[in-house]
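As a plain string of letters, each chain reads:
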Amino acid sequence: MVFDLLAQGVTIPQGLLQSAGDGIAPDKGGLDPLTLARWQFTITTIYHYVIVPISIGLSLFLAIAQTMWLRTKQRYWWSAVRFFGPIFFVTFAVGVATGLVQEFQFGMNWSEYSRFVGDVFGTPLALESFFAFFAESVLLGLWIFGYGALSPRLHTATIWGVTIAAHLSACFIIGANSWMQHPVGAVFDATTGRVALHGWAGFFAIITNWTLWTAILHVCVSSWIVAAALIGGISWWWMIKARRLSNARATHATAHPSPEQDARTQAAASASKTWRPLVRFASWAIIASSVLTLLTGHLQGIQMATEQPMKLAAGEAYCKPVEGGAPLALFAFGSDCSNIKTYGSIPGGLSFLATGSFDGKVLAVSEVEKSYQDYFSKAGAERGRTESYHPPFMLTFWSFRIMVLLQLLVPALAVGALIATRGGRVPKRGRWWGLVLLPLPSLAAVAGWVYTEVGRQPWIVHPNFEGGKTDLYLLTNQGLSQVGVSGTQLLVSLILSTLLYLVLALVWGALVAKKVRAGLPKPRKCQGQARELSFE
């Protein structure tokens, strides 16, 4: 581990901010291929990471809602399935489309990375495709078109299969990413310059990688919050709107209302009764998932202190060691340790996050930099040599704080919703608070992803120092395609992919908005039609 490397002394370069790839020369047009490739991957991944948590969380909600309808026969559960089911369909489709682009980038922009990790990385990706994605697609088709053809229990089982496959798919993808964060179960072949899976024992080491399980738990419960916020926000908006429609129609009704007016009033009142239980269900789901998110995040912090101490130290602007517990800075500004200034701190806060103790030892940036510079200056470790080993400070620092702030704000709004709807109450105003809630968990998830990936720099495969030495590592600039990819080509690809994703976002938003504006679907006399789960 990094602690074992501190016994060796070396001079620490000061004032360095270069992350990965400073040695890659721009093309003749002055365009840096590495910067453009990283921007493209960032933009496409952020969009994908907005869509996928919605899909994962909605699949679980639909499975729970359909099961509750099957057991209780309460109509609002089935109304929720019919309302949010089409939103899940289109979200799943857009998630598939955006995910395919990610895999193309591995071969086109990051071919050296693919060559280096392909024998290991390909295994979880193949398993994700064959056992999770295909299963999810088939079961989703059975769920959409099997209504009325399958028995109620079997039809409900298909959506539970979709849910399991969605979570399993995330597990395989996070497994691949966790290997990049903490590589295990592989050996490096110096003659080929590649890593290879160390047989069945290596595969077992990958699936039991503790980094994988803390990460997948954190990602899954975060996805539940994202979906619960979507459900709760839309339900809150419609709950108040339905009440206002009901009151307005009751006020303007004549002493002898027409059958049509009476039907509309009853429909509005019924909608209000439907939306309120969904608001409360989503609020409790947000609160419970938020508690789990904090717990899993704390486990990741403890894990990070030993596996990626530079990410932890840079993300907290903890540049030099102090006596006693490491403080948790509230605000920090500056480009690197030579000019960073912190404002306000919680004494021992960083030590508690990293070790569970307010006086636990946490490595500072200067200490980790020293150990890395010394280790990679040795003969045989030149492949990992670079000018500086810390990530961009401010992006790492503030992405973590944005994530935490939003993650605390979302359950606070959920508590407010529970208070506002207690005792059968339905608020008269404030429906726009539901729309305020919608994007917050997604923004928190994106900020968390930025912290995770940017904080790993300058590594694309972070070294694993268990045992005191390692050859499982790769700098980000070393993973870029070295032949056939110019800055101009990457710029054109970046612009086109960004525009394509913008179109997909607009189409997805238009379809979801259409479904939300339409409100609850009308009950049909014939329940044996697959159209029951359609947009019509």
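Our structure's up above, just so we're on the same page.
Right, let's walk through the structure included here. Just so you know, these numbers come straight off a predicted model, no measurement behind them. (Residues numbered from 1 in each chain as written. Predicted model: local features only at pLDDT ≥ 70, side-chain atom pairs only at ≥ 80, totals over all residues. Heavy atoms only, no water.)

### A look at the overall build of the protein chain
Heads up, the rule is: Segments assigned H or I by DSSP are reported as helices when at least four residues long, segments assigned E as strands when at least two residues long, and all are numbered from the N terminus. Burial classification: accessible surface area is computed with a 1.4 Å probe over protein chains only, and a residue below 20% of its type maximum counts as buried, one above 50% as exposed, and the rest as partly exposed. The contact definition used throughout considers only heavy atoms, calling two residues in contact when any of these lie within 4.5 Å. Computed with a 1.4 Å probe, the accessible areas rest on the Shrake-Rupley method; for each residue, only the protein chains presented here act as cover.
Along the backbone of the protein chain there are 15 helices and 6 strands. Buried positions account for 50% of the 536 residues belonging to the protein chain. Long-range pairs, those at least 24 residues apart, make up 79% of the contacts in the protein chain with a sequence separation of at least 6. Roughly 24,200 Å² of accessible area belongs to the protein chain as shown, and the carbon and sulfur atoms make up 68% of that amount.

### Considering the packing of helix α12 (residues 393–420) against helix α14 (residues 440–454)
Helix-helix packing: each pair is described by the crossing angle between the helix axes and the interaxial distance. Keep this limit in mind: For helices, the axis comes from a line fit to the C-alpha atoms of the stretch in contact; other axes are also lines fit to C-alpha atoms, and the angle between any two N-to-C directions lies between 0 and 180 degrees. These descriptions rest on fixed angle ranges, namely under 35 degrees for roughly parallel, over 145 for roughly antiparallel, 65 to 115 for roughly perpendicular, and the rest for oblique. Left-handed describes a crossing whose near helix is turned anticlockwise from the far helix by less than a right angle; the clockwise case is right-handed. Only Asp, Glu, Lys and Arg are considered charged in this grouping, and only Ala, Val, Leu, Ile, Met, Phe, Trp, Tyr, Cys and Pro are considered nonpolar; every other residue, Gly among them, is considered polar.
Running from amino to carboxyl end, α12 crosses α14 at an angle of 155 degrees, the nearest separation of the two axes being 8 Å. Considering their axes alone, α12 and α14 lie roughly antiparallel with respect to each other. Considering the relative orientation of α12 and α14, their crossing is left-handed. Along its contact with α12, which presents Leu 395, Thr 396, Ser 399, Phe 400, Ile 402, Met 403, Leu 406, Gln 407, Leu 409, Val 410 and Leu 413, the element α14 presents Leu 440, Pro 441, Leu 443, Ala 444, Ala 447, Gly 448, Val 450, Tyr 451 and Val 454. Here the residues of the contact of α12 with α14 sort into 16 nonpolar, 4 polar and no charged.

### Structural notes on the nonpolar core
Definition in use: Definition of nonpolar core: a set of buried residues of the types Ala, Val, Leu, Ile, Met, Phe, Trp, Tyr and Cys, connected through side-chain atoms within 4.5 Å.
Formed by 49 residues in total, the largest nonpolar core has its most connected members in Leu 58 and Phe 84. Of all the elements in the fold, those that place two or more residues in this core are α2 (33–72), α3 (75–108), α4 (111–145), α5 (152–181), α7 (210–252), α8 (259–307) and α15 (487–518). It is α3 that contributes the most residues to this core, 14 residues altogether. Setting aside its immediate chain neighbours within four residues, Phe 84 contacts Leu 58, Phe 61, Leu 62, Leu 230, Ile 231, Ile 234, Ser 235, Trp 275 and Leu 278. In this structure, Ala 37, Tyr 113, Val 117 and Phe 121 belong to the second largest nonpolar core, which totals 26 residues.

### As for the packing of aromatic side chains
The geometry of two aromatic rings is summed up by the distance between their centres and the angle between their planes. Convention followed: Centres within 6.5 Å are what make two rings of Phe, Tyr or Trp a pair, Trp counting through its six-membered ring; a difference in plane orientation under 30 degrees is then read as stacked, over 60 as edge-to-face, and the rest as tilted. Should the NZ of a Lys or the CZ of an Arg lie within 6 Å of a ring centre and within 35 degrees of the ring normal, that charge is described as sitting over the ring.
Tallied over the full model, the rule gives 25 aromatic pairs. Plain terms: the ring middles of Phe 61 and Phe 281 are 5.8 Å apart, the flat faces sit at 50 degrees to each other, and that makes the pair tilted. With Phe 61 in helix α2 and Phe 281 in helix α8, this pair connects stretches of sequence that are 220 residues apart. The class for Phe 281 is partly exposed, based on a relative accessible area of 28%. Seen in terms of ring centroids, Trp 459 and Tyr 473 are 5.8 Å apart; in terms of plane orientation they differ by 70 degrees. Their pairing is edge-to-face. Taken together, the residues Trp 459 in strand β5 (residues 459–461) and Tyr 473 in the loop between β5 and β6 (474–475) connect sequence positions 14 residues apart. The pair formed by Trp 459 and Tyr 473 is uniform in burial state, with each residue classed as buried. Grouping aromatic residues by their ring pairs yields a cluster made of Phe 61, Tyr 76, Trp 77, Phe 83, Phe 84, Trp 275 and Phe 281. Sitting above the plane of the Phe 397 ring, Arg 401 keeps its charged end 3.6 Å from the centroid.

### Focus on the packing of α2 against α15
The geometry of α2 relative to α15 is characterised by a closest axis approach of 8 Å and an angle of 15 degrees between their N-to-C directions. With respect to each other, α2 and α15 are oriented roughly parallel. Every pair of crossing elements has a handedness; the one defined by α2 and α15 is left-handed. When α2 is examined against α15, the residues Pro 33, Leu 36, Ala 37, Trp 39, Gln 40, Ile 43, Thr 44, Tyr 47, Ile 51 and Ile 54 are found in contact with a partner set consisting of Gly 487, Leu 490, Leu 491, Ser 493, Leu 494, Ser 497, Thr 498, Tyr 501, Leu 504, Ala 505 and Trp 508. Considered class by class, the residues forming the contact of α2 with α15 number 15 nonpolar, 6 polar and no charged.

### A word on the side chain of Ser 442
Within the secondary structure layout, Ser 442 lies in helix α14. For Ser 442, a relative accessible area of 14% corresponds to the buried category. Once residues lying within four places of it in the same chain are set aside, the contact partners of Ser 442 are Val 50 and Val 226.

### Here we look at a nonpolar patch on the surface
Put simply, the test is: Each patch is built from salt-bridge-free residues with over 30% relative accessible area, joining like charges within 9 Å and nonpolar side chains (Val, Leu, Ile, Met, Phe, Trp, Tyr) within 5 Å. What counts as a salt bridge is simple: a side-chain nitrogen of Lys or Arg found within 4 Å of a carboxyl oxygen of Asp or Glu.
Together, Val 492, Ile 495, Leu 496, Leu 499, Leu 502 and Leu 506 give the surface a local cluster of nonpolar side chains, amounting to about 580 Å² of exposed area. Residue position: Leu 502 is located in helix α15.

### Some words on the state of the cysteines
Cut-off, in case you're wondering: Cysteine sulfur atoms are paired as a disulfide whenever they fall within 2.5 Å.
Tallying each qualifying case throughout the model produces 0 disulfides. With no disulfide of its own, Cys 171 lies 7.6 Å from the sulfur of Cys 220, the closest cysteine sulfur. Given the relative accessible area of 9%, Cys 220 is considered buried.

### Points about unusual backbone geometry
With the exception of glycine, the majority of residues adopt a negative phi angle, and the majority of peptide bonds are in the trans configuration. Look at the link from Gln 457 to Pro 458: it is a cis peptide, with omega at 15 degrees. In this fold, Pro 458 is placed in the loop between α14 and β5. The backbone of Lys 73 shows a phi angle near 60 degrees, a positive value even though the residue is not glycine. Looking at the secondary structure, you find Lys 73 in the loop between α2 and α3. A residue is classified by how much of its surface remains accessible, and Lys 73, at 52% relative accessible area, is exposed. The backbone of Ala 317 shows a phi angle near 50 degrees, a positive value even though the residue is not glycine. Among the structural elements, Ala 317 can be located in the loop between α9 (309–315) and β3 (328–333).

### Some remarks on the pairing of strand β1 (residues 186–189)
The cut-off we apply is this: When DSSP finds two or more bridges between two strands, those strands count as paired.
Burial along β1 is one-sided: Ala 186 and Phe 188 are buried, while Val 187 and Asp 189, pointing the other way, are not. Where β1 lies against strand β2 (residues 194–197), 4 bridges are found, and the strand directions are antiparallel. Bridged to Phe 188 within β2 is Val 195. Connecting the antiparallel pair β1 and β2 is a turn made up of 4 residues, with Gly 193 showing a positive phi of about 70 degrees.

### Quick word on α5
In an α-helix, one full turn covers 3.6 residues, which means residues spaced three or four apart are oriented alike. Here is the rule we go by: Expected span, for any helix, means 1.5 Å times one less than how many residues it has.
With 30 residues, α5 extends 43 Å from end C-alpha to end C-alpha; this agrees with the ideal 44 Å at 1.5 Å per step. Across the 30 residues of α5, 21 count as buried, placing the element largely inside the fold.

### Structural notes on the pattern of salt bridges
With the rule as written, the count across this model stands at 4 salt bridges. The residue Glu 316 makes a salt bridge to Arg 401 at a minimum N-O spacing of 2.4 Å. Taken as a pair, Glu 316 in the loop between α9 and β3 and Arg 401 in helix α12 lie far apart in primary sequence, 85 residues in all. Under the relative-accessibility criterion, Glu 316 is labelled buried at 2%. Between Glu 453 and Arg 456 there is a salt bridge whose closest N-O contact spans 2.6 Å. Each member of the pair Glu 453 and Arg 456 is classed as buried.

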